[in-house]
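Residue-level listing of the chains:
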Amino acid sequence: MRRARRGLGLLLAALAATSAAADWETTRKTVIDPLNTELHRHLPSFVRTHDLGGVLKLYATATGGGLTWDGPRAVYPGREEETLRWDGAHGPEPIRTRYERLFALLPSIDKAELRIDRVAWTEADADGYPVTVRLLVRGTRSDGARAQLEQGASVRVALREGQWRITREDVTSRTLVARPVPRFARATETAGIANVHTNAGSPPFRLFGGGPGNPVGASSGVAVADVDGDGCEDIFLAGSPDAVLYRNQCDGTFTDVTADSGLPLPYPAVATGVVFFDYDNDGRPDLFVAAATGGDRLFHNIGGGHFVDVSAAAGIPPGRWGSMAAAADYDRDGYLDLYILRMGDQEATVPRPNYAATNGVPSTLLHNNRDGTFSDVTRRARVGNRGWGMAAAWGDYDGDGWPDLYVANEFGQNALYHNERSRRPSPGAIACSPSSLPRSSAARTRSSNASRAAARSTTTTATAGSPM
């Protein structure tokens, strides 16, 4: 679901030049959905199943160019992990041969993914629109080694007899990484983690059609901390309505302790980003849960891994369309503050303008008053970013000892806020002008799988004096 959402969102942003005045639903149905179906769904599906006939039907050309399969070289000879790179032989190559070689290299394919980095909608020629793509394929070689191939290409796509087809393909890069013995083994079941993410309470996202049949809604994050002080890290998995706290038994297994922890079950909001942070300096990690709908919440850890909802008493505004939260002591008073990044109103609106959206729900900066309460200082700090927020992080980029703030938007200009040391990280002191800052992944029409899940999670407990 996340890959489909990402691909669709990236294609949306690329249409700024051609669909500014077009009806959104018409554009989505006639361009975005069909192109997404062919490139993001069908091609990876055919590759995964070794369906050569299906792959070839997506091409309106029999021959490709760029790098051939000849002459791979070992990049790090003698290492435990083998890396091969193709950067020598160039020339024409039948598309059939190109995929036959791929399938021979990886007789078993577990996963295939096509990522679109850029669509140049204003630079079309007789062969269609220029597109920069990356094909990622994970599987097993004939010698039993687990491997991943990443292949970059410059292609052209065009409508041919009513279907989107690849009319030209030049491979620009190809790298294979292989390892005989995996470094990690899946331990989910043996560890006792049985939770499956749910977002049943999420409104359907209008960007992807809306309505009850729309499969795309809010996604959720994970937070890790030792909530009960036994020296072993515990896990909180957000969801709607299933948000679960797992206690680490310190023997490689976990137990669902949600019902005994004081956390609400079922969870009463559409939980998204989560973070453990010790807001009252009592040495115990507290839990903040952002929400798309139903309100953000702060849970105080009263000891032993037991929590109490203190949202109202702490002055946490209900908020809406929260994406994730990041904690840092931005004014260095010894207490952690909280920045809540927000997306757009996914239920009622779409990004406008789609290539540099400014109609997102304003993000929120909460200052820790050092008495168990927070104050909303967003307006004073001038960090109420109006993009459609994806991720935010604190970090001291200039080494002056004060946490600065970076905001990455799914739609809209990214922003770097310099901390002016006066309880006001201000865009007036941004080190880069908006035009020189990297634009959002969507605005540049490239793919993420940032995993957004990673963007909405934290793997440690934030402490005062350190950006998180």
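Only a predicted model underlies this, so the values are computations on that prediction, with no experimental measurement involved.

Student: Describe the state of the cysteines, with residues and values.
Tutor: Evaluated as defined, the whole model comprises one disulfide. Here C232 engages in a disulfide with C250; their sulfurs sit 2.2 Å apart. Between C232 and C250 the disulfide shows an S-S torsion of about 130°. By sign, it is right-handed. Remark: C250 occurs in the loop between β11 (244-248) and β12 (254-256) and C232 occurs in the loop between β9 (222-225) and β10 (234-237); sequence separation between them is 18 residues. Overall, C232 belongs to the buried group, its relative accessible area being 17%.

Student: Tell me what's going on with the sheet that holds strand β19 (residues 364-368), and back it up with residues and numbers.
Tutor: Within the open sheet, the four strands sit side by side as β17-β18-β19-β20. Their pairing is antiparallel. At either end of the open sheet lies a strand with only one pairing partner, and these are β17 (322-328) and β20 (374-376). The mean inter-strand angle of the sheet, taken between neighbouring strand axes irrespective of direction, is 25°. Note that β17 and strand β18 (residues 337-342) share six bridges and pair antiparallel. Each residue of the ladder has a partner; that of M324, found in β18, is L341.

Student: Tell me about the packing of aromatic side chains, and name the residues and values.
Tutor: By convention here, two paired aromatic rings are described through the distance between centres and the angle between planes. As enumerated under the stated definition, the model contains ten aromatic pairs in all. Aromatic side chains Y99 and F103 sit 6.3 Å apart centroid to centroid with 50° between the ring planes, which places their arrangement in the tilted category. Taken together, the positions of Y99 and F103, both in helix α5 (residues 95-105) and four residues apart, correspond to about one turn of that helix. You can call Y99 buried: its relative accessible area is 4%. A relative accessible area of 10% means that F103 is categorised as buried. Members of the aromatic cluster, each reached through a chain of ring pairs, are Y59, Y99 and F103. Note that R174 overlies the ring of W86, its terminal NZ or CZ placed 5.7 Å from the centroid. One cation-aromatic arrangement involves R332 over W402; the distance from NZ or CZ to the ring centre is 4.5 Å.

Student: Break down the sheet that holds β12 for me, with residues and values.
Tutor: Across the sheet, four strands lie side by side as β9-β10-β11-β12; this open sheet has antiparallel pairing. For this open sheet the edge positions go to β9 and β12, each flanked by a neighbour on one side alone. Across the sheet, the mean angle from the axis of one strand to that of its neighbour is 20°, orientation sign disregarded. Both β11 and β12 contribute to a ladder of three bridges, which runs antiparallel. Its bridge partner lying in β12, R247 is registered against T255.

Student: Lay out the nonpolar core with the relevant residues and their values.
Tutor: Grouped together as the largest cluster of nonpolar side chains are 37 residues, with contacts concentrated most on V47, Y99, L102 and V137. At the level of elements, α3 (24-48), α4 (52-57), β3 (82-86), α5, β5 (108-119), β6 (129-140), β7 (146-160) and β8 (163-179) are the ones that each hand at least two residues to this core. Membership of the second largest hydrophobic core comes to 19 residues, among which are A225, V227, V274 and F307.

Student: Now, about unusual backbone geometry: what can you tell me, with residues and values included?
Tutor: Going from S240 to P241, the amide bond is cis rather than trans, its omega being 10°. Following the sequence through the fold, P241 ends up in the loop between β10 and β11. Its identity as a non-glycine residue notwithstanding, E161 has a phi of 55°, on the positive side. Phi at C250 is positive, roughly 65°, even though this residue is not glycine. Classification of C250 as partly exposed rests on a relative accessible area of 42%.

Student: Requested: an account of the environment of L176, with residues and values cited.
Tutor: Checked against the element boundaries, L176 lands in strand β8. Under the relative-accessibility criterion, L176 is labelled buried at 0%. Sequence spacing of L176 and L84 is 92 residues, and the spatial spacing of their C-alpha atoms is 5.1 Å. With residues up to four places along the chain from it excluded, the contact list for L176 reads E82, T83, L84, W86, L105, R141, A147, Q148 and L149.

Student: Describe the pattern of salt bridges, listing the residues and the values that go with them.
Tutor: Evaluated as defined, the whole model comprises 25 salt bridges. Ionic pairing is found between R134 and D117, a salt bridge with its closest N-O pair at 3.2 Å. In this pair, R134 is assigned in strand β6 and D117 in strand β5, connecting sequence segments 17 residues apart. Classification of R134 by relative accessible area gives partly exposed; the value is 21%. Put simply, R247 and D230 hold a salt bridge, and the shortest N to O gap is 3.4 Å. In this pair, R247 is assigned in strand β11 and D230 in the loop between β9 and β10, connecting sequence segments 17 residues apart. For R247, a relative accessible area of 30% gives the class partly exposed. Among the charged side chains, a network of salt bridges with common partners joins D125, D127, R156 and R168.

Student: So what's going on with the side chain of H367? Which residues, and what values?
Tutor: The topology assignment puts H367 in strand β19. By relative accessible area, which is 5% here, H367 ends up buried. Here the side chain of H367 touches D331 through a polar contact of 2.6 Å, side chain to side chain.

Cut-offs and rules
Residues numbered from 1 in each chain as written. Predicted model: local features only at pLDDT ≥ 70, side-chain atom pairs only at ≥ 80, totals over all residues. Heavy atoms only, no water. Disulfide = S-S within 2.5 Å. Helix = DSSP H or I, 4+ residues; strand = E, 2+ residues; numbered from the N terminus. Buried < 20%, exposed > 50% of the residue type's maximum accessible area, 1.4 Å probe, protein only. Pairing = 2+ DSSP bridges. Axes fitted to C-alpha atoms, helices over the stretch in contact; angles between N-to-C directions. Phe/Tyr/Trp six-rings, centres within 6.5 Å; stacked < 30°, edge-to-face > 60°. Lys NZ or Arg CZ within 6 Å of the ring centre and 35° of its normal. Core = buried A, V, L, I, M, F, W, Y, C linked by side-chain atoms within 4.5 Å. Contact = heavy atoms within 4.5 Å. Salt bridge = Lys/Arg side-chain N within 4 Å of Asp/Glu carboxyl O. Polar contact = N/O pair within 3.5 Å; in protein donor to acceptor, adjacent residues only side chain to side chain.

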